[in-house]
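These are the residues of each chain, in order.
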Amino acid sequence: MSKSTSKKAGSNIAVKTGRAIVSVAKLVGRLLVAAPSQFWFVVAVAVVAAVAYFFFQDDTGKLVGWSAIPLGLWLVATLFLIVFNRAQLFDKWRWVVSSLALGLAISGSLGIFYAPLAAFSGETFGGDIGIAISRLPFEWDRFDVGISEYAVAWVRVAALVIIAFIVVSPRWAKSTGSGILQVSVYVFAVITTGAQSLYHKFENWRYERAQVKALQKADSEAYDADQVAHGAETTEGTANISSESSDRSDSSSDAEDADTPTEESDELALGELMVVEDAATPITTAFPTESEVEAAEEAATPPPDYSAAHRYPWKLPSQEMLSIAKPGGITQDEIANTSSKVVESLSQFGIDVSVDQVRQGPTVTMYGLSPGWKGRSEENTGQRVRVDTILNREKDIALALASPNLRFEAPVPGESVVGIEVPNSHPTEVTLRSVMDTPQWEQFKETAALPVPLGLGSGGDPVMADLARMPHTLVAGSTGSGKSVCMNAIITGLIMTKTPLELRLIMIDPKRVELTPYQGIPHLYHPVIVESDRAVIVLRSLVDEMMGRFRQLEQAGVKNIASYNDKMPERMPYLVILVDELADLMLTAAGDVERLLVRLAQLGRATGVHLVVATQRPSVDVVTGLIKANFPSRISFAVMSQIDSRTILDSVGAEKLLGRGDMLYMPIDKPKPSRVQGAFLTDDEIEGVVSAYQNMGGPVLPELVVSFDDAGAENGTTSSATDGDSLFDQAVSLTQSQKTLSVSLLQRRLRIGYPRAARLMDELDDEGVVGAGEPGKPRPVL
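Read from one edge to the other, the open sheet built from 9 strands follows the order 8-7-15-14-13-9-12-11-10, with strand pairing classed as mixed. At either margin of the open sheet sits one strand with a lone partner, and together these are strand 8 (462-466) and strand 10 (503-508). Sheet twist, expressed as the average angle between the axes of neighbouring strands with direction ignored, equals 30°. Examined bridge by bridge, strand 10 and strand 11 (residues 574-579) share 6 bridges and lie parallel to one another. What sits directly across from Met507, in strand 11, is Leu578. Contacting strand 7 (451-457), strand 9 (473-476), strand 10, strand 11, strand 12 (609-615) and strand 13 (633-636), helix 18 (residues 483-495) crosses the sheet at an angle of about 130° to strand 7.

Now for the environment of Leu102. Tracing the backbone shows Leu102 in helix 6 (residues 93-112). Owing to a relative accessible area of 42%, Leu102 belongs among the partly exposed residues under this scheme. For the pair Leu102 and Ala158, spaced 56 residues apart in the sequence, the C-alpha separation amounts to 9.8 Å.

Their axes nearest at 8 Å, the elements helix 7 (residues 127-134) and helix 8 (residues 147-168) cross at an angle of 95°. As summarised for this structure, helix 7 and helix 8 are arranged roughly perpendicular, according to the angle between their axes. Of the residues in helix 8, those touching helix 7 at Ala132, Ile133 and Ser134 are Ala153, Arg156 and Leu160. Considered class by class, the residues forming the contact of helix 7 with helix 8 number 4 nonpolar, 1 polar and 1 charged.

Across the protein chain, the average pLDDT comes to 77, with 74% of residues at 70 or higher. Here residues 31-35 is modelled with pLDDT under 50, and outside its nearest four sequence neighbours on either side it reaches 2 contacts, counting other chains as well. Considering only residues more than four positions removed or in separate chains, one finds that residues 233-290, a stretch of pLDDT under 50, has 14 contacts.

What follows covers the pairing of strand 11. Summarising burial for strand 11: 6 of the 6 residues are buried, a large majority. Of the two faces of strand 11, both are covered, the one formed by Tyr574, Val576 and Leu578 as well as the one formed by Leu575, Ile577 and Val579. Where strand 11 and strand 12 come together, 5 bridges link them in parallel fashion. Bridge pairing in strand 12 places Leu575 opposite Val609. Crossover handedness for the path strand 11 to helix 21 (residues 582-603) to strand 12: right-handed.

One pass over the structure, following the stated rule, counts 19 salt bridges. As a salt-bridge pair, Asp437 and Arg433 come within 3.0 Å of each other at their nearest N and O atoms. In this structure Asp437 comes out as partly exposed when scored by relative accessible area, which is 44%. Through salt bridges with shared partners, one network takes in Arg407, Glu421, Asp662 and Arg675.

Here we take up the pairing of strand 15 (residues 674-678). In terms of burial, strand 15 is largely enclosed, as 4 of its 5 residues are buried. Pairing between strand 7 and strand 15: 3 bridges, direction antiparallel. Across the sheet, residue Gly457 finds its bridge partner in strand 15, namely Val676. Strand direction decides the pairing type here: strand 14 (residues 662-666) and strand 15, joined by 4 bridges, are antiparallel. Paired with Asp662 across the bridge in strand 15 is Gln677.

With antiparallel pairing, 4 strands are arranged side by side in an open sheet as 1-2-6-5. The open sheet has two edge strands with one neighbour each: strand 1 (353-360) and strand 5 (407-409). For this sheet the average axis-to-axis angle between neighbouring strands, irrespective of direction, equals 25°. When strand 5 meets strand 6 (residues 418-423), the two strands line up antiparallel, connected through 3 bridges. Looking across to strand 6, one finds that Arg407 is bridged to Glu421. Sheet contacts for helix 13 (residues 332-347): strand 1, strand 2 (364-371) and strand 6; angle to strand 1, the most-contacted strand, approximately 150°.

With that settled, the discussion passes to the packing of aromatic side chains. Across all of its chains, the model carries 2 aromatic pairs by this definition. With a centroid separation of 4.9 Å and 65° between ring planes, the pair formed by Tyr312 and Trp314 is classed as edge-to-face. Under the relative-accessibility criterion, Tyr312 is labelled buried at 13%. For Trp314, a relative accessible area of 14% corresponds to the buried category. With a centroid separation of 6.3 Å and 35° between ring planes, the pair formed by Trp441 and Phe444 is classed as tilted. Here Trp441 pairs with Phe444, and both are found in helix 17 (residues 439-447), just 3 residues apart, close to one helical turn. On the basis of relative accessibility, which here comes to 0%, the residue Trp441 falls in the buried class.

Here the structure, examined in full by the defined rule, presents 3 cavities of 30 Å³ or more. Space inside the largest cavity adds up to approximately 50 Å³. If you go around the largest cavity, the residues you meet are Trp205, Glu208, Arg209, Val212, Tyr312, Gly698 and Pro699. The space that makes up the second largest cavity amounts to roughly 40 Å³. Taken together, Gly361, Pro362, Thr363, Val364, Leu456, Gly457, Ser458, Asp662, Arg675, Val676 and Gln677 form the lining of the second largest cavity. Put simply, the parts of the chain that give the lining of the second largest cavity at least two residues each are strand 7 and strand 15. Classifying every residue of the lining of the second largest cavity gives 4 nonpolar, 5 polar and 2 charged.

With that out of the way, let us pick up unusual backbone geometry. Following Ala410, the chain continues into Pro411 via a peptide bond in cis, with omega recorded as -15°. Here Pro411 shows up in the loop between strand 5 and strand 6. Following Met470, the chain continues into Pro471 via a peptide bond in cis, with omega recorded as -25°. For Pro471, the position within the fold is in the loop between strand 8 and strand 9. Of note, the phi angle at Arg512 is positive, near 70°, even though the residue is not glycine. On the secondary structure map, Arg512 appears in the loop between strand 10 and helix 19 (532-556).

Counting 55 residues, the largest nonpolar core has Leu467, Leu494, Leu505, Met507, Tyr518 and Leu578 as the members making the most contacts within it. Here this core gets 7 residues from one element, more than from any other, and that element is helix 18. Apart from residues lying up to four places away in sequence, Met507 is in contact with Ile491, Leu515, Tyr518, Ile521, Leu524, Val528, Ile529 and Leu578. The next biggest cluster of nonpolar side chains, apart from the first, holds 49 residues, and it includes Ala476, Val536, Met586 and Ala638.

Thresholds, definitions, all that
- Residue numbers here run from 1 along each chain, matching the order of that chain's written sequence.
- Whole-chain, interface and lining totals are the exception, using all residues; otherwise, since this is a predicted model, local features are given only for residues with pLDDT of at least 70 and side-chain atom pairs are given and counted only at 80 or more.
- Computation of side-chain values: all heavy atoms of the structure, hydrogens and water removed.
- When DSSP finds two or more bridges between a pair of strands, those strands are recorded as paired.
- Strands are runs of DSSP state E lasting at least 2 residues, helices are runs of H or I lasting at least 4, and numbering of each runs from the N terminus.
- Only the contacting stretch of a helix is used when fitting its axis, a line to C-alpha atoms as for every element, and angles between N-to-C directions run 0 to 180 degrees.
- What makes two residues a contact is simply this: any of their non-hydrogen atoms within 4.5 Å.
- We call a residue buried when its accessible area falls under 20% of the maximum for its residue type, exposed when it is over 50%, and partly exposed in between, using a 1.4 Å probe and counting protein chains only.
- Comment on the angle field: the value is read as roughly parallel under 35 degrees, roughly antiparallel over 145, roughly perpendicular from 65 to 115, and oblique elsewhere.
- Each residue is assigned to one of three groups, with Ala, Val, Leu, Ile, Met, Phe, Trp, Tyr, Cys and Pro labelled nonpolar, Asp, Glu, Lys and Arg labelled charged, and all others, Gly among them, labelled polar.
- The predictor attaches a confidence to each residue, and that confidence, scored 0 to 100, is pLDDT.
- Crossover handedness is defined here as right-handed if the route from the first strand over the helix to the second strand goes clockwise, with the strands pointing away from the viewer.
- Should a side-chain nitrogen of Lys or Arg be within 4 Å of a carboxyl oxygen of Asp or Glu, the pair is scored as a salt bridge.
- For Phe, Tyr and Trp, where Trp contributes only its six-membered ring, two rings pair if their centres lie within 6.5 Å, and the inter-plane angle classes them as stacked under 30 degrees, edge-to-face over 60, or tilted in between.
- The way it works is a 1 Å grid over only the protein atoms, where trapped points that fit a 1.4 Å probe form a cavity and open points with protein on both sides within 12 Å along at least five of seven lines form a pocket, and then any residue with an atom within 4 Å of a point lines it.
- Grid points are joined across faces, edges and corners, and a volume is the space filled by probe spheres set on the points.
- Only buried residues count toward a nonpolar core, which is a set of Ala, Val, Leu, Ile, Met, Phe, Trp, Tyr and Cys residues joined through side-chain atoms within 4.5 Å.

Structure follows, in structure tokens:
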């Protein structure tokens, strides 16, 4: 009984164990069937991790490097398709091949970049596989590689990317490739046409250049022939004089041996000498004086030769390249509303006025107020409202109009009204073409020697200027008020109306960015000067140029450049000097700059030399009294205070300007300044005008002859008694009338600064003119 019971129990345990195993197997099968992709994905990741671990072991890491990441991802995706979805493996073969090509491209790009010296990936980030893709069969290292090797490597990478793109989407690749091909053909055609055009222009330029050189060579040969002929005549005259002199010496020696000199023989010899000297006109004296030698040297210096430029057909740039201003302005309702507010505001204080005149400008509108009568009736004529009464209510009118920038003009020149200039709520744009498209400008540029378009006045009328009549202009204003734009408008207006035969320009731009875009135009008499030290040297050379022009006028027997151009066949071009920032030059060498500018301004008008000087600091140490006296025409933009306005205009008003080209223009022939909105000029317009001249070509024009003779002396680098310093000579002459000498006395008498006076005192001590002294006390004169 017990045995049977134990057998039954054993059999039950075996049955239950078997059932449990079957149940676990069924559960695992169900799990595998329910989620086979997740399971095999985990298995694949584990395999890739094992492979990656194997790869990063010493030599294996150098084999693949960081290329294991893109290639491992491709391997995982491919294994997933092989294990779980074999049917779709052949359907998605494009993606498999495309991803493989993309992985190889990434591996090749990693093979281009070098890894640190101790990196596991070896020489590059892509390992040996990346090196094989990007380099083989060529071999190069980081110490011996050129741009060609890099280009070949990147071309390979790009080729793999293109292959991936073509395989994954052939239709898209075909359409895109055809589009790229069409664009390439079009670009190639454009480049070919442009190259042909440039080639023809170059051939034309070479032909014209050869013609100009041939003409210059012919002129030079003719000039040399004249010089040879003149030299032969001079040599023959000299030989005649020397032979006659030897004959006279022989005859005089014979007379002395005979000891029978007579008065008749002396008179005869003198008469013969006079005849011979009259016959030999090229040589008048045997020993010329120093002044005659200097005059001969000055006469021998030829003026600039513009013969080649006269034969070249110069063309002026078209106005079509300038932009047209956008329309704008205020309406008639706004004008009527402003007029009524002004009248009502003054009537509240018992001031009777009426708005009799309105001039609408681009930036401001001028309202002309006619004063009324006070206490007027049928029996009493009453008293007219005083102008000062209207001016005293400036703040009340500004409060009524909600405009702080009001400017009064009492009275308006030529009108019996008091003008109030009120800013417009919507200003109108003013461009250079706004002035140059008007009929007034067409008439003005025909008669003016140097026409300049400035802008539009407060009444909307164009404002032009002739630099030849101004004759020198001073421009001032705070930073950003429009000075440089005004200078650009002046330059562009000049070069668009005058050829290089009529106008030459000198530009001094210490700021380096305002006038340098004009580098390369044929009007430049010297490249744009950006160094302050160089500017002083050029100004000194311009003084020499001016004196040379005076000698030309003297030889022609005329008084000014206009008469010279009317009389002589070759015209003398006008010379305009533009300085964009005077303050920088004054900081570098105030004395030299002031002296040279004043000398050019005083004497330059007759020779056609005109100056336009701009500064953003109109203080008395920059705009000195001598500069103001010789620059009669003024242009003032917005300034910070009334003091600056008085410095530049000798009156207030500039501190109330609006900025952005709003200026007060006071030429030499007007007693009061007028309100003008300056013309705006963009960088693209300047570049277009400059490019038009640069593409035109033309012969090489003469340039300014720069003299460096006194550069070192002017800078004060060497000054001693042996150099003949004028200040040293003045100091020595001063000691002759003094028993003691001090630095302060040298400052007062010679009008120099303390450093220069102290150096002079040291030089006098070295030369033994003064003795040693105690500090703070005068030195005795030896």
